[in-house]
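# Descriptive structure summary
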Amino acid sequence: MLQFRENGTFTIVQFTDIHWKNGGPEDEASYALMKQVIQRETPDLVVFTGDVIHSEACRDPLASYGSAVRAATEAGVKWAAVFGNHDADSPHVTKEQLIALQQNLPGCVTEAGPQLDDRLGNTCIEIAASGGGQAKAALYLLDSGGDTDHPVGGYQWITHSQIGWYKEQAGRLLLENGGEPVPALAFFHIPLPEYNELWDYHTCYGVNYEGMGCAKVNSGLFAAFLETGDVRGTFTGHDHINDFWGKLHGIRLHYGRGTGCGAYGREGMLRGARVIRLNEAAPAAFTTWLRLEDGSVVEAQPVHKPEKVWKRV
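Not measured: the values here are computed from a predicted model.

## Structural notes on the overall build of the protein
Scanning the protein for helices and strands turns up seven helices and 15 strands. Taken against the 2.2 N^0.38 rule, which gives 20 Å for 313 residues, the C-alpha radius of gyration of the protein at 18 Å falls within 12% of a compact globule. For the protein, the proportion of its 313 residues judged to be buried stands at 56%. Counting contacts in the protein only where the partners sit at least 6 residues apart, residues at least 24 apart contribute 72% of the total. Split by element, the accessible area of the protein, about 12900 Å² in all, is 50% carbon and sulfur.

As structure tokens, this is what we get:
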């Protein structure tokens, strides 16, 4: 179990969409960015939210994955990762192999998790109080899948098996916490359909330059979060040139900041990372900011007003 620091804080750095290939100049630029962010933010945990590698372009996907996360392993910081749609889309590597590799690397706290359909690495990370003891906060890591072979097309959705697993974990923590939900955050690669509603109908902070590449089917993960009452924020990637966040029905939905210098981007939009800080005194609340490749910090992102208005039908 991880633990809040003596000063009551717990800091997470989110790297997303590194798209590491074969160690060329762009990959090394990604490494330098991540190394700088870790040095400046001194996180307690690094979470890679998918597409750590672009496996189809890798000569050796396992070697590439080890290189892609080495900024964390070299720094001696704890880290975990969820799968994106490109991490294992090559016939030369499987999720099972990537999980085994992760668990053999220093500092990794990713778990293989139960076999939930074709999804691996679903992990519940507990964060104990600074003095130890039971969990004061929790992090849920979910494999959001890749391209779907269903006739509806597009991307896969979080499965009902995964939602059931999440509810089991949340229920266990609820009992251990005397009937009170343990405040939690959730990390996965592909954004939920609710990100569309958030941008269209609510005030957001940040940019949306490409729309939301979410699944075409809403399988109900957000509803499960809402009903369970523990998850206070979600963090995704996938859409490299979106970085906005906002609040929907009391839950904050966030994009990370695209990290990979070898992935597609937008001219003038610096690569970077999202930083999240939890506080033991109020674990249901958290603060977040962006740390960019030039070393700058963005605490106040531009305001985006709702573009649509609900109409009764």
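There is more to say, and it comes next.
## Focus on helix α1 (residues 25–41)
With 17 residues, α1 should cover 24 Å at 1.5 Å per step; its first-to-last C-alpha distance of 24 Å lies within 8% of that length. When we look at burial in α1, the residues that qualify are D27, S30, Y31, L33, M34, Q36, V37, I38 and E41. Where α1 is buried, its residues contact β2 (9–15), β3 (45–49), α2 (61–68), α3 (70–75), β12 (272–279) and β13 (286–292). With its phi angle positive at about 40°, T42 sits one or two positions after the end of α1.

## Considering the packing of α2 against helix α4 (residues 95–103)
Direction vectors running N to C along α2 and α4 enclose 40°, while the axes themselves pass 10 Å from each other. Relative to α4, the element α2 is oriented oblique. In the crossing of α2 with α4, the sense of the turn from one axis to the other is right-handed. For the pair α2 and α4, contact is made by L62, Y65 and G66 and by Q97, L98, L101 and Q102, respectively. Of the residues contributing to the contact of α2 with α4, the split by class is four nonpolar, three polar and no charged.

## Some points on the packing of aromatic side chains
Enumeration according to the criterion identifies 13 aromatic pairs in this entry. Here the aromatic rings of Y140 and W165 are separated by 6.4 Å at their centres, their planes lie at 85°, and the arrangement is edge-to-face. In this pair, Y140 sits in strand β6 (residues 135–141) while W165 sits in helix α5 (residues 160–176), placing the two residues 25 residues apart along the sequence. This pair shows no difference in class: Y140 is buried, exactly as W165 is. The ring of W245 carries the charged tip of R252 above its face, separated from the ring centre by 4.4 Å.

Reading the values: rules and limits
Each chain carries its own residue numbering, running from 1 in the written order of its sequence. In view of the model being predicted, local features appear only for residues whose pLDDT reaches at least 70, and side-chain atom pairs are presented and counted only at 80 or more, with totals across whole chains, interfaces and linings using the full set of residues. Excluded from the side-chain calculations are hydrogens and water; all other atoms, namely the structure's heavy atoms, are used. Put simply, DSSP marks the helices as runs of H or I at least four residues long and the strands as runs of E at least two long, and each gets a number from the N terminus on. It is over C-alpha atoms that the radius of gyration is taken, and the globule rule equals 2.2 Å times the number of residues to the power 0.38. Each residue gets one of three labels from its accessible area relative to the maximum for its type: buried under 20%, exposed over 50%, partly exposed in between, using a 1.4 Å probe on protein chains only. In this description, contact between two residues means that some pair of their heavy atoms is separated by no more than 4.5 Å. Exposure was quantified through the Shrake-Rupley algorithm and a 1.4 Å probe, taking into account, for residues, occlusion by the shown protein chains and nothing else. Expected helix span is taken as 1.5 Å per residue step, with the number of steps being one fewer than the number of residues. Only the contacting stretch of a helix is used when fitting its axis, a line to C-alpha atoms as for every element, and angles between N-to-C directions run 0 to 180 degrees. Throughout, the term roughly parallel applies to angles under 35 degrees, roughly antiparallel to angles over 145, roughly perpendicular to angles from 65 to 115, and oblique to all others. Whether a crossing is left-handed or right-handed is set by the direction in which the near helix is turned from the far one by less than a right angle, anticlockwise for left-handed and clockwise for right-handed. We call Asp, Glu, Lys and Arg charged. Ala, Val, Leu, Ile, Met, Phe, Trp, Tyr, Cys and Pro are nonpolar, and the rest, Gly among them, are polar. The aromatic pairing rule takes the rings of Phe, Tyr and Trp, using the six-membered ring of Trp, and pairs them if the centres are within 6.5 Å, calling planes under 30 degrees apart stacked, those over 60 edge-to-face and the rest tilted. Two conditions define a charge located above a ring, namely a distance within 6 Å from the ring centre to NZ of Lys or CZ of Arg, and an angle within 35 degrees of the ring normal.

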